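Below are the chains, spelled out letter by letter.
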Protein chains: 2
Amino acid sequence: MGCSQRMIKALVFDIFGTLVDWRTSIARESEILLSPLGIAVDWLAFADAWRQQYQPAMEKVRTGHMPYTKLDVLHRRNLDIILSDFAIDHVDETTRRELNYAWHRLDAWPDVRPGLQALKAKYLLAPCSNGNISLMVNLARRNGFPWDAILGAEVAHDYKPKPIVYLSAASALDLAPEQTMMVAAHSSDLAAAAAAGLRTAFVARPDENGPGQGEAEPSVAVDVSASSILELSRIMNHPDLTA
Amino acid sequence: MGCSQRMIKALVFDIFGTLVDWRTSIARESEILLSPLGIAVDWLAFADAWRQQYQPAMEKVRTGHMPYTKLDVLHRRNLDIILSDFAIDHVDETTRRELNYAWHRLDAWPDVRPGLQALKAKYLLAPCSNGNISLMVNLARRNGFPWDAILGAEVAHDYKPKPIVYLSAASALDLAPEQTMMVAAHSSDLAAAAAAGLRTAFVARPDENGPGQGEAEPSVAVDVSASSILELSRIMNHPDLTA
């Protein structure tokens, strides 16, 4: 923490894994919707399988093989793939649609709401996620995220880690990249943000993908490293960091 | 008020004139910044002149003669024009830049904040303005607007009354046009929103352009007409309008 943090005006956040526990939320929502149909699978494995389709689907957009398509649409295609992989093809259209919106019903890690509230007095706050706007809006309503704006993939019309997504978030707030800090639990996301000129904050989510299956420490250089959003708020609200 | 309001899930708002009193705010900010330079003009006339450059500037974007350009940039070009028109060319660059941000320091009409708070429990709320995202963010911070997202021209990359601006606001919220209600103090805005398939609510701002110089009644058919955002909240929160 030094000079460079003094000019930071906005914090932009990764969402899946960093602010919300997608894995146990998706497992819970899948069980709620599919077990009444007589389906019994390992629900955490089901959540993991769905998430594993995430990067390959976005890669088609990033490489220009597909025009920008909202994550809700990609999630739905991925759901159809994994239902087939799990040999549970007999799920009706209405249930598939409802299940796809499980991604709008993810729960935040408990430190997030108080941490964001504490950051809001000093910084502009926005998601910089690959999730689409309506997904971000519904997660914010559910979890009390106090966003100033919804930024990220749908505004940039491309997917992280493409530089345009980070740069468009800063630009929408009329900020230079170095006035904007990307907050994420994933080193790859932070490396890409730093390459685009943003400041970076790592937040540890060591259990994101199951107990001990997440990043406890960043594997790249970052400006700030914290164990939670609440700890991040204490670092970033330190009086030495005067605006 | 009837059946058609029951399916409304989101209200999207015009900002300049409908939620904020641009005229007296711009006159005040202009006087604050320019009078110390020894400049004395009719500040309300100055505000009116600046605003009169608004539509012609956007028209270049709407007609494709200029790529989408943020309203902050158009406001700045318009400021340079009117400073010249008022024969006050000796304003330095720093002051011009600061004065241009007067549009980020507009005050809301007094009914707006309680009205939006009352609407928030039942509806998604977003601006659907020609103002850019950072301008919307700063007005929201100043006036306590509880937005779910910032929608409008910068997300659509075009200017109202082009249909894409209204349609992209509904689409970003995963809503059909008829599930979305446009709220404005200007019949022309509401006519365009209705033509795009949105529901419409008129809010009277009879003094927008000076005493008695605003729309007291809509000149087009609308779904709802109210004297304030607070009255609009009472209409739209009526128990007959169950979600």
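Being a predicted model, the structure only gives us computed values, none of them experimental. (Residues numbered from 1 in each chain as written. Chains lettered and ligands numbered in written order. Predicted model: local features only at pLDDT ≥ 70, side-chain atom pairs only at ≥ 80, totals over all residues.)

**Overview of the sheet that holds strand β3 (residues 151-152) of chain B**
All names here are of chain B.
Phase 1: Read from one edge to the other, the open sheet built from six strands follows the order β3-β2-β1-β4-β5-β6, with strand pairing classed as parallel. The open sheet terminates on both sides in strands that have one partner only, identified here as β3 and β6 (224-226).
Phase 2: Two strands pair when backbone bridges link them, and strand β1 (residues 10-13) and strand β4 (residues 180-184) are joined in this way by four bridges, in the parallel orientation. Of the residues in β4, the one forming a bridge with V12 is M182. (Pairing = 2+ DSSP bridges. Helix = DSSP H or I, 4+ residues; strand = E, 2+ residues; numbered from the N terminus.)

**Some details on the interface of chain A and chain B**
Phase 1: Tallying the contact residues gives 14 residues for chain A and 14 residues for chain B.
Phase 2: Of all the secondary structure elements, the ones that give two or more residues to the side of chain A that touches chain B are α7 (133-143) and α8 (153-156) of chain A.
Phase 3: Looking at the side of chain A that touches chain B, the element that brings in the most residues is α7(A), giving five residues.
Phase 4: A class-by-class count of the residues in the side of chain A that touches chain B yields nine nonpolar, one polar and four charged. (Contact = placed C-beta atoms within 7 Å. Nonpolar A, V, L, I, M, F, W, Y, C, P; charged D, E, K, R; others polar.)

**Regarding the packing of helix α4 (residues 71-85) of chain B against helix α5 (residues 93-100) of chain B**
Residues and elements named next belong to chain B.
Phase 1: At a minimum axis distance of 10 Å, the contact between α4 and α5 shows a crossing angle of 125°. Looking at the two axes, α4 sits oblique to α5. For the pair α4 and α5, the crossing hand works out as right-handed. Side by side, α4 and α5 meet where D72, H75, R76 and L79 of the first sit next to R96, L99 and N100 of the second.
Phase 2: Tallied by class, residues from the contact of α4 with α5 come to two nonpolar, two polar and three charged. (Axes fitted to C-alpha atoms, helices over the stretch in contact; angles between N-to-C directions. Parallel < 35°, antiparallel > 145°, perpendicular 65-115°, else oblique. Left-handed = near helix turned anticlockwise from the far one by under 90°.)

**A short note on the sheet that holds strand β6 (residues 224-226) of chain A**
All names here are of chain A.
Phase 1: Read across the sheet, six strands follow the order β3-β2-β1-β4-β5-β6 without closing on themselves; strand pairing throughout is parallel. Two strands in the sheet have a free side with no partner beyond their single neighbour: β3 (151-152) and β6.
Phase 2: Across three bridges, strand β5 (residues 199-203) lies against β6 in parallel orientation. Paired with V203 across the bridge in β6 is A226.

**Digging into the environment of B:Y101**
Phase 1: In this structure, B:Y101 sits in the loop between α5 and α6 (112-120).
Phase 2: Between the C-alpha atoms of B:Y101 and B:Y166, which are 65 residues apart in sequence, the distance is 26 Å.

**A few points about the relation of the copies chain A and chain B**
Here the second copy of the chain follows from the first by a rotation about an axis and a shift along it.
Phase 1: In the superposition of chain A on chain B (RMSD 0.0 Å, axial shift 0.0 Å), the rotation amounts to 180°. The relationship between the two copies is best expressed as a two-fold rotation axis. By C-alpha distance to the rotation axis, the residue of chain A lying nearest is A:A149, at 2.6 Å.
Phase 2: Interface overlap between copies: 100% of the residues of chain A at the interface are likewise at the interface in chain B, consistent with a symmetric, same-surface contact. (Least-squares fit on C-alpha atoms with pLDDT ≥ 70 in both.)

**Observations regarding the domain arrangement of chain A**
Residue and element names in this part refer to chain A.
Phase 1: Partitioning chain A into domains gives domain 1 (3-21 + 109-236) and domain 2 (22-104).
Phase 2: Between the C-alpha centres of domain 1 and domain 2 the distance comes to 24 Å.
Phase 3: Domain 1 puts 19 residues into the contact, and the matching count from domain 2 is 13 residues.
Phase 4: Going through the elements one at a time, α7 and α8 are the ones with two or more residues in the side of domain 1 that touches domain 2.
Phase 5: Classifying every residue of the side of domain 1 that touches domain 2 gives six nonpolar, eight polar and five charged. (Domains from an automatic or database assignment.)

**A word on the packing of helix α3 (residues 54-62) of chain A against helix α4 (residues 71-85) of chain A**
Residue and element names in this part refer to chain A.
Phase 1: Taken N-terminus to C-terminus, the directions of α3 and α4 make an angle of 130°; their axes are 10 Å apart at the nearest point. Accordingly, the angle class assigned to the pair α3 and α4 is oblique. For the pair α3 and α4, the crossing hand works out as right-handed. Contacts between α3 and α4 involve Y54, A57 and M58 from the former and L74, R77 and N78 from the latter.
Phase 2: By residue class, the composition of the contact of α3 with α4 is four nonpolar, one polar and one charged.

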